[in-house]
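# Commentary on secondary and tertiary structure
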Amino acid sequence: MTSASDERRRTAVHAAVMFDGTDPVTIDDPVVLIEDGRIVAVTQGLASVPPDAMLLDLPGTTLIPGLVDPHVHLALDASADPVSALASRDDDEVVEAITSAGRAQLSAGVTTVRDLGDRGYLSLGLPPRPALPTVVSAGPPITIAGGHCHFLGGVAHGVDGVRAAVREHADRGVAVIKVIASGGTLTAGSDPRTDQFTPDELAALVDEAHRHGLPVTAHAHATTAIEAAVAAGVDGLEHCTFLTDDGVAAPDELLAEIVARRIAVSATLGLVPGPERARKTPEILKRNLAATFAIHRRLIADGAVYAVGTDAGISPEKPHGVLVQGLIALGMLGVTPAEALRRGTSVAAHICGLGDRKGRIAPGFDADLVAIDGDPLVDRASLRRPLAVLVAGRAIDRTV
Ligand SMILES: [Zn+2]
């Protein structure tokens, strides 16, 4: 139980090193002063701790902003068949699953997630206790009858149908619209190389969302679907695999437009370590992985707004909290540890629409912090060792 006086108490967090979420140059001996859940100052040295502040001393650790995963599914439980598991649960049980998924995210240092597909808008309005990550919700993704993720309930048809679906989502209080622009691999009978909506439907959906002040992100594996989504004016692209009938291809103009318009690319990286033979990565994605990575390297080099969205929950290799693996995997794309951390904090927070509150350690930002055992700017794998996770300035109990 907390009292009002607790809420007003100031906390000072002291660590060995700090990465602020943007600047690759770290700060030694940092002290982060927190009041009412917000960061009010960053100073250096224990001598700078105000006498009235409660000290949380974390020697030997690197303080980083809480991590941000812009693509998760809290309602999916990362079991071998999460779609059937979801279907077998009533709404109360789904809220329970969402809560434990959120706790797993927090334990791994992920303090903000964007949920890009729940059922029945159940990821909105979760109870305030226990402490959960900040959840930015899309509600059920908008898809076609029998299309990818249709089982989540967001089916719409025709220009009027997609406009009505967007209005319903806006009424329910979503923060972002997720549209399924191409088929996917999780849904039986769906082909990731085919488009789902007509250009008119996509344009109407984006127009209606923007009228309501909502950004749109499109699930798009197929190059044709990426082109259609970009032409329709989306704000973000999920997966962005660039699949064609014979492999992978990305026209120069398309890549240039994604970069120039600052369309966010959320790359689906991150798998728990384990034997390759046990993985169920869909064959079509595995076969084309190297070619997709080559395009992603170019997007990064050209300055795209690019982060890792794990799709956590969709399989046993993608449990909740797997983002650290995705950030480590960015090394395969030539991304430095500091750059990977920037993308996993301030860039991802910007993509989630929370760039002014999350993803940085600076005055005015929410005090969502992670203390890593070691230095993740030198040793990427140390990200797997969060020693403390703070949400709004309070250390969470990571044993429950
Ligand atoms: Zn997804």
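Computed from a predicted structure; not experimentally measured. Residues take numbers from 1 onward in each chain, read along the sequence in its written order. Reporting in this predicted model follows two pLDDT cut-offs: at least 70 for local features of residues, and 80 or more for side-chain atom pairs to be given and counted; totals over whole chains, interfaces and linings ignore these cut-offs and use all residues. With hydrogens and water excluded, all non-hydrogen atoms of the structure serve as input to the side-chain values.

### A short note on the overall build of the protein chain
Across its full length, the protein chain carries 11 helices and 17 strands. Here the globule rule is a power law, 2.2 Å times the number of residues to the power 0.38, and the radius of gyration is based on C-alpha atoms. The C-alpha atoms of the protein chain give 21 Å as radius of gyration, which agrees with the globular expectation for 400 residues (21 Å, within 12%). Each residue is assigned to one of three classes by its accessible area relative to the maximum for its type, calculated with a 1.4 Å probe on protein chains only: buried under 20%, partly exposed between the two thresholds, exposed over 50%. Residues classed as buried in the protein chain amount to 56% of the 400 residues present. Nonlocal contacts in the protein chain, meaning residues at least 24 apart in sequence, comprise 69% of its contacts between residues at least 6 apart. Residues scored as positive are Lys and Arg, those scored as negative are Asp and Glu, and His as well as the terminal groups of each chain are ignored. The atom standing in for a charge is NZ when the residue is Lys, CZ when it is Arg, CG when it is Asp and CD when it is Glu. Charge-centre separation for the protein chain: the mean point of 35 positive side chains lies 3 Å from the mean point of 50 negative side chains. In this text, helices come from DSSP runs of H or I with a minimum length of four residues, and strands from runs of E with a minimum of two, each type numbered from the N-terminal end. Contacts were defined at the residue level, with two residues in contact if any of their heavy atoms lie within 4.5 Å.

### Side note on the coordination of the zinc ion
Only N, O and S atoms count as donors, using a 2.8 Å cut-off from the metal and 3.2 Å for Na, K and Ca, and because water is excluded some sites may appear unfinished. Binding of the zinc ion to the protein goes through H71 (NE2), H73 (NE2) and D311 (OD), at separations of 2.0 to 2.1 Å. One chain supplies every donor for the zinc ion, spaced along it as H-x1-H-x237-D. Residue classification places H73 among the buried residues on the basis of a relative accessible area of 4%.

### Observations regarding the packing of helix 7 (residues 252–260) against helix 9 (residues 289–301)
For the pair helix 7 and helix 9, interaxial distance at closest approach is 10 Å and the crossing angle is 45°. By the angle between their directions, the pair helix 7 and helix 9 is classed as oblique. Our pair here, helix 7 against helix 9, has a crossing hand that is right-handed. Residue-level inspection shows D252, L255, I258 and V259 of helix 7 in contact with helix 9, the latter providing I295, R298 and L299. The angle between two axes is taken between their N-to-C directions and runs from 0 to 180 degrees, where each axis is a line fitted to C-alpha atoms and a helix contributes only its stretch in contact. What sets the label is the angle itself: under 35 degrees gives roughly parallel, over 145 gives roughly antiparallel, 65 to 115 gives roughly perpendicular, and the rest give oblique. Take the far helix as your reference; a near helix turned counterclockwise from it by less than a right angle gives a left-handed crossing, and one turned clockwise gives a right-handed crossing.

### Digging into the domain arrangement of the protein chain
The assigned domain composition of the protein chain is domain 1 (4–66 + 359–395) and domain 2 (67–351). Tallying the contact residues gives 21 residues for domain 1 and 26 residues for domain 2. Summing the contributions of domain 1 and of domain 2, the shared interface buries around 1800 Å²; its carbon and sulfur component is 68%. Each of two parts loses accessible area, computed with a 1.4 Å probe, when they are put together; buried area is these two losses added. Sorting the residues of domain 1 by area buried against domain 2 places R380, L383 and R384 first, and these three jointly supply 34% of that buried surface. When a carboxyl oxygen of Asp or Glu lies within 4 Å of a side-chain nitrogen of Lys or Arg, that pair is called a salt bridge. Put simply, domain 1 and domain 2 have 0 salt bridges between them. The term polar contact refers here to a pair of N or O atoms within 3.5 Å; inside protein, the definition further demands a hydrogen-donor-capable atom paired with an acceptor-capable atom, and it admits residues adjacent in sequence only when both atoms are side-chain atoms. For the pair domain 1 and domain 2, the interface holds 6 residue pairs in polar contact (both at pLDDT 80 or more). Secondary structure elements with two or more residues in the side of domain 1 that touches domain 2: strand 5 (54–65) and strand 16 (386–391). A per-element tally of the side of domain 1 that touches domain 2 places strand 16 first, with 4 residues. Here the limits of each domain have been adopted from an automatic or database domain assignment.

### Examining the nonpolar core
Across soluble globular proteins, you tend to see nonpolar side chains buried next to one another. By nonpolar core is meant a set of buried Ala, Val, Leu, Ile, Met, Phe, Trp, Tyr and Cys residues that side-chain atoms within 4.5 Å join together. Formed by 86 residues in total, the largest nonpolar core has its most connected members in I177, L205, I226, L237, F242, I258 and L330. For this core, the leading source of residues is helix 6 (residues 223–232), giving 6 residues. Here this core spans two domains, and each of domain 1 (4–66 + 359–395) and domain 2 (67–351) adds at least three residues to it. Dropping the residues within four chain positions of it, I177 is found in contact with I142, V166, H169, L205, A209, L214, P215, V216 and T217. Residues I39, F365, A371 and L390 belong to the second largest nonpolar core, which totals 16 residues.

### Examining the pattern of salt bridges
The tally for this structure, following the rule as stated, stands at 21 salt bridges. The salt bridge involving D366 is made with R38; its shortest N-O contact spans 3.0 Å. Linking D366 in the loop between helix 11 (337–351) and strand 15 (369–373) with R38 in strand 4 (residues 38–44), this pair joins segments that are 328 residues apart in sequence. Notably, a salt bridge pairs R167 with E208, separated by 3.4 Å at the nearest N-O pair. Linking R167 in helix 4 (residues 158–172) with E208 in helix 5 (residues 199–211), this pair joins segments that are 41 residues apart in sequence. On the accessibility criterion, E208 (6% relative accessible area) is buried.

### Observations concerning the sheet that holds strand 8 (residues 134–137)
Within the open sheet, the 3 strands sit side by side as 6-7-8. Their pairing is parallel. Bordering the open sheet on either side are strand 6 (67–72) and strand 8, each of which pairs with just one other strand. On average, each strand axis in the sheet is inclined to that of its neighbour by 15°, with strand direction left out of account. A pair of strands is labelled paired if DSSP reports no fewer than 2 bridges between them. In the sheet, strand 6 pairs with strand 7 (residues 110–115) via 4 bridges, with the strands oriented parallel. Bridge assignment links D69 to a residue of strand 7, and that residue is V113.

### Considerations on unusual backbone geometry
Positive phi is not limited to glycine here, since D36 has a value of about 50°. Residue placement: D36 occurs in the loop between strand 3 (30–35) and strand 4.

### Digging into the packing of helix 4 against helix 5
For any two helices packed against each other, one specifies the crossing angle of their axes together with the interaxial distance. Two numbers describe how helix 4 lies on helix 5: the axes approach to 8 Å, and their chain directions differ by 30°. Considered as vectors, helix 4 and helix 5 are oriented roughly parallel to each other. Here helix 4 runs over helix 5; the crossing is right-handed. Seen from helix 4, the contacting residues are G158, V159, V162, R163, V166 and R167; seen from helix 5, they are D200, E201, A204, L205, D207, E208, A209 and R211. When the residues that make up the contact of helix 4 with helix 5 are grouped by side-chain class, the tally is 6 nonpolar, 1 polar and 7 charged. In this classification, the charged set is Asp, Glu, Lys and Arg, the nonpolar set is Ala, Val, Leu, Ile, Met, Phe, Trp, Tyr, Cys and Pro, and all remaining amino acids, among them Gly, are polar.

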